[in-house]
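# Secondary and tertiary structure notes
Each chain is listed here by its residues.
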Amino acid sequence: MGRLDGKRALVTAAGQGIGRASALAMAAEGAQVFATDVNEAALEELTEAGIETYVLDALDPVSIRKGVWHAQPDVLFNCAGFVHHGTIMDADEDEWDFAFDLNVRSMFRSVQAVLPGMLERGSGSIINMSSALGSIIGAPNRFIYGTTKAAVVGLTKSVATDYIKQGIRCNCICPGTVESPSWHDRVKALGEELGSYDAAMKQFVARQPMGRVAKAEEIASLVVYLASDESAFTTGHTHIIDGGWSGQ
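First, a word on what this report is: a plain description of the structure on this page. (Residues numbered from 1 in each chain as written. Predicted model: local features only at pLDDT ≥ 70, side-chain atom pairs only at ≥ 80, totals over all residues. Heavy atoms only, no water.)

## Some points on the overall build of the chain
So the rule is basically this: Each helix corresponds to a stretch of at least 4 residues labelled H or I by DSSP, and each strand to a stretch of at least 2 residues labelled E; elements are numbered beginning at the N terminus. The size measure is the radius of gyration over C-alpha atoms, and the globule rule it meets is 2.2 Å times the number of residues to the 0.38 power. Every residue pair with non-hydrogen atoms within 4.5 Å of one another is taken to be in contact.
Each helix and strand counted, the chain has eight helices and seven strands in total. Radius of gyration (C-alpha) of the chain: 17 Å, near the 18 Å computed for a compact globule of 248 residues. Seen through its C-alpha atoms, the chain measures out along the principal axes to roughly 55 × 40 × 35 Å. When contacts within the chain are restricted to residue pairs at least 6 apart in sequence, those whose partners lie at least 24 apart make up 69%.

## Considering a negative patch on the surface
What counts is decided by this rule: Like-charged residues within 9 Å of one another, or nonpolar side chains (Val, Leu, Ile, Met, Phe, Trp, Tyr) within 5 Å, are grouped into patches, provided each residue has over 30% relative accessible area and no salt bridge. Only the protein chains shown count as covering a residue, and every accessible area follows the Shrake-Rupley method with a 1.4 Å probe. Put simply, a salt bridge is a Lys or Arg side-chain nitrogen that is within 4 Å of an Asp or Glu carboxyl oxygen. When charges are counted, Lys and Arg are positive and Asp and Glu negative, with His and the chain ends excluded. For charged residues, the charge sits on one atom: NZ in Lys, CZ in Arg, CG in Asp, CD in Glu.
Side chains of Asp92, Glu93, Asp94 and Asp97 sit close together on the surface and give a patch of like negative charge. When you line up the elements, Asp92 lands in the loop between β4 (75-78) and α4 (93-121).

## Some words on unusual backbone geometry
The backbone phi angle of Gln72 is positive, close to 45°, even though this residue is not glycine. Among the secondary structure elements, Gln72 is positioned in the loop between α3 (61-71) and β4.

## Comments concerning the packing of helix α1 (residues 17-28) against helix α8 (residues 216-227)
Keep this limit in mind: Note on definitions: angles span 0 to 180 degrees between N-to-C directions of axes, and those axes are lines fitted to C-alpha atoms, for helices only across the stretch in contact. In what follows, roughly perpendicular refers to angles from 65 to 115 degrees, roughly parallel to angles under 35, roughly antiparallel to angles over 145, and oblique to any angle outside these ranges. Handedness of each helix crossing follows the sense of rotation of the near helix against the far helix: counterclockwise by less than a right angle gives left-handed, clockwise gives right-handed.
Running from amino to carboxyl end, α1 crosses α8 at an angle of 50°, the nearest separation of the two axes being 8 Å. Relative to α8, α1 is oriented oblique. Of the two elements, α1 crosses α8, and the hand of that crossing is right-handed. Contact residues: Gly17, Ile18, Ala21, Ser22, Ala25 and Met26 in α1; Ala216, Glu217, Ile219, Ala220, Val223, Val224 and Ala227 in α8.

In structure tokens form, the structure reads like this:
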């Protein structure tokens, strides 16, 4: 028996990284997974693994509603997001608006879309991707990103409080640095500033007390737990999984 037998799970940004690892992990535990991404080609590996996939644009409210209507999920994992680089003096309003649209507003829309079905069934688990970087710890050159991820914590706690007596749980995951294609892109970008990829990699790894970054599969294990009935007494929490970064 899998821990997620009988559950339907909708995952956004499932084309790579934590989203992909989580879709595979939930399917392995018996869930019927609906893996979505704005990039259809990125979902090919999951399709080949027997997981139902389709395009969902987290910036488009119509696409979100259609995706939710099709999946009718018992579990929603909001994984879509983007990391902007820079301080407040580097930020412009277009970047600010894009980050809040993707990192926060998309969650507002998807949670609002899934709640009626969950309320009708009397149960549901909503899992939002936040970050250790934001309301928990600060990091250089992450002004916009940290601000949006702090907002996700507030969104999560509000939803959890409003629906705690109606069978709905809402939690957020706050990782440290996680190895993924998008992270390697950020390392390359920093490497251009520092003069080498290796120097950038050392800087990222140095802030992790364990001396390494997380694997996407390690975060996926927490997603499975929060999706399962094993976490039935857990709601409204920031689940920090950062290799001790914020504990220094």
